Amino acid sequence: MTNATLKETPLFQAHQQMGAKLVDFGGWNMPIHYGSQIDEHHQVRNDAGMFDVCHMTIVDLRGCEVVDYLSKLLANDVAKVAGKSGKALYSCMLNNDGGVIDDLIIYSMEPAWIRVIVNSATREKDLAWMRSQLGNSAVDLTERDDLAMIAVQGPNARELAGKALGAQIAGAEELKPFNALLLNSGADSERFVARTGYTGEDGYEIVCPNAQAEQVWIQLADAGVKPCGLGSRDTLRLEAGMNLYGSDMDQSQSPLESGLSWTVDFSNENRQFNGRAALEKQKQQGLKYKFVGLVLNGKGVLRAHQKVVVDGAPDGELTSGSFSPTMQKAIGFARVPVATGTTCKVEIRNKQLDASVVKLPFVRQGKVLA
Amino acid sequence: MSDIPQELKYTKSHEWIRIEGDGTLTVGITEHAQGLLGDMVFVELPDVGDEFEAEQDCAVVESVKAASDIYCPIEGEVTAVNEELEDAPELINVNAYHEGWLFRIQPGKADDVDSLMNAEDYAALVESEQH
């Protein structure tokens, strides 16, 4: 079954051959699972799985003023990675009101070249905003839709990827977390390997030319890396305490009330990044909400938009929620009043159920923390 | 094409109905429906003795992905529920038409079962939803 109106990644044929259940995922025909979302979740927690993340948007920024440009564009400080080839940094891109336009990862490639990977659903508005912020900067912005991306995640992911891809990713085994390397730049054999991910497990995100993607996918599968759908990617990131743009934060929300304060760097007083003034004002006036993890004590499932009821305080709201396959309990993220203590109630179908308020993440590298 | 047993009745909201020898109706969700929802993690069933109108929501099944209301196929009173599902909601995935049954009702009016879809009509409905 094909749907002509949906976009397909270079791995579409492989997904069909591997029995994927394909769904409309923000305009892309993507695998939600290949049989069981829960099995795929455990596969990544216990061994190694791979995800087609070709729908994500890769943008290369080149030019002698690229650091200055990002210094204003991003809430985190590009100075942490500028000139340090291979270093990665997670950041929000804010509007002038301090709302989150998107979250992204930047990779320092060369002194005058920084790669940015933004979300798929926000592609158009991100590119429009990034272009609008260029002004007269000596920065060239190029969308790299010629490149594909595969995330290989799990405790055995790096070892199996090494076995599967060998010299293609030579040197990747030496990478430290949140570092990347580029091999054979510009050639068919170009591979960009980053020790990053969205699951709370070790692993790589591997970028290669579109025409090479299916071969890389099949080589990984042959080495025992199981294909996993975007369904399990969501429960994995939820357990790992990682925000999802559009659910946990958006343009109407401040990163300071979305659990992302750690990504906003106010330390350089001279760095006037977009949204800084608005966030400083917000801090001065006092934050009203905090962003927490919730675990439902009894049976049921937490979902986004359920109401959180706190004694003596205004209501809060779940921003994400699901069933944690690792913990066998319902978990979620919520924006709740700062006065919220260690317990609250969640309203599910007109019943108020007890939940515990916990620190994020719930699970990291296979271990339950919450 | 999903498995659609000939001997069962169906609804447009993807419940199946088995007419038992004693005139009660056993209700579950179809193989097609469980496939769409994916791995089940929670089921909320009615209480025995609850009475429902036709097409009234009377239970909820939740997969990792989403919550889905279950509708009472015809007017009736609940005479039994599948308590096994409380600790093993995945039975719906394993065998939607047998171990995965949800509840049983005594129909208010026996003739109402005639309003339910047969296997052929349900197959056509599933087919139409896939295009």
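Residues numbered from 1 in each chain as written. Chains lettered and ligands numbered in written order. Predicted model: local features only at pLDDT ≥ 70, side-chain atom pairs only at ≥ 80, totals over all residues.

(A) Region of the structure containing the overall build of chain A. In terms of regular secondary structure, chain A is built from 8 helices and 21 strands. Whereas a compact globule of 370 residues would reach a radius of gyration of roughly 21 Å, chain A reaches 21 Å, a difference of no more than 12%. Here chain A, with 370 residues, has 48% of them falling under the buried criterion. A sequence separation of at least 24 residues applies to 66% of the contacts in chain A between residues at least 6 apart. (Helix = DSSP H or I, 4+ residues; strand = E, 2+ residues; numbered from the N terminus. Rg over C-alpha atoms; globule rule 2.2 N^0.38 Å. Buried ≥ 20, exposed ≤ 12 C-beta atoms within 10 Å, placed from the backbone. Contact = placed C-beta atoms within 7 Å.)

(B) Broad picture of the sheet that holds strand β8 (residues 76–81) of chain B. All names here are of chain B. Pairing is antiparallel in the open sheet, where 6 strands are placed in the order β1-β2-β3-β9-β8-β5. For this open sheet the edge positions go to β1 (9–10) and β5 (51–52), each flanked by a neighbour on one side alone. As judged from the 5 bridges shared by β8 and strand β9 (residues 103–107), these two strands associate in the antiparallel manner. Paired with V81 across the strands is F103, a residue of β9. (Pairing = 2+ DSSP bridges.)

(C) Main features of the packing of helix α5 (residues 157–165) of chain A against helix α6 (residues 210–222) of chain A. Residue and element names in this part refer to chain A. Running from amino to carboxyl end, α5 crosses α6 at an angle of 115 degrees, the nearest separation of the two axes being 8 Å. In the crossing of α5 with α6, the sense of the turn from one axis to the other is right-handed. Contacts between α5 and α6 pair A161, A164 and L165 from the former with V216, Q219, L220 and D222 from the latter. In terms of residue class, the contact of α5 with α6 is built from 5 nonpolar, 1 polar and 1 charged. (Axes fitted to C-alpha atoms, helices over the stretch in contact; angles between N-to-C directions. Left-handed = near helix turned anticlockwise from the far one by under 90°. Nonpolar A, V, L, I, M, F, W, Y, C, P; charged D, E, K, R; others polar.)

(D) Up close: the environment of D103 of chain A. Take D103 of chain A: it is sitting in strand β6 (residues 100–110). Sequence separation between D103 of chain A and S91 of chain A is 12 residues; the distance between their C-alpha atoms is 5.8 Å.

(E) Up close: the interface of chain A and chain B. In this assembly, 14 residues from chain A lie in contact with 10 residues from chain B. For the side of chain A that touches chain B, the secondary structure elements donating two or more residues are α2 (37–46), α7 (230–239) and β16 (316–324) of chain A. Its residues placed into classes, the side of chain A that touches chain B shows 4 nonpolar, 7 polar and 3 charged.

(F) Here's a closer look at α5 of chain A. Residue and element names in this part refer to chain A. Where α5 is concerned, the buried positions are A157, R158, L160, A161, A164 and L165. Seen along its axis, α5 keeps its buried residues to an arc of 165 degrees; they face one direction. Check the buried side of α5 and you find it contacts β9 (147–153), β12 (203–209) and α6. Once α5 finishes, G166 follows within two positions and takes phi at roughly 50 degrees, a positive value. (Arc of directions from axis to C-beta.)

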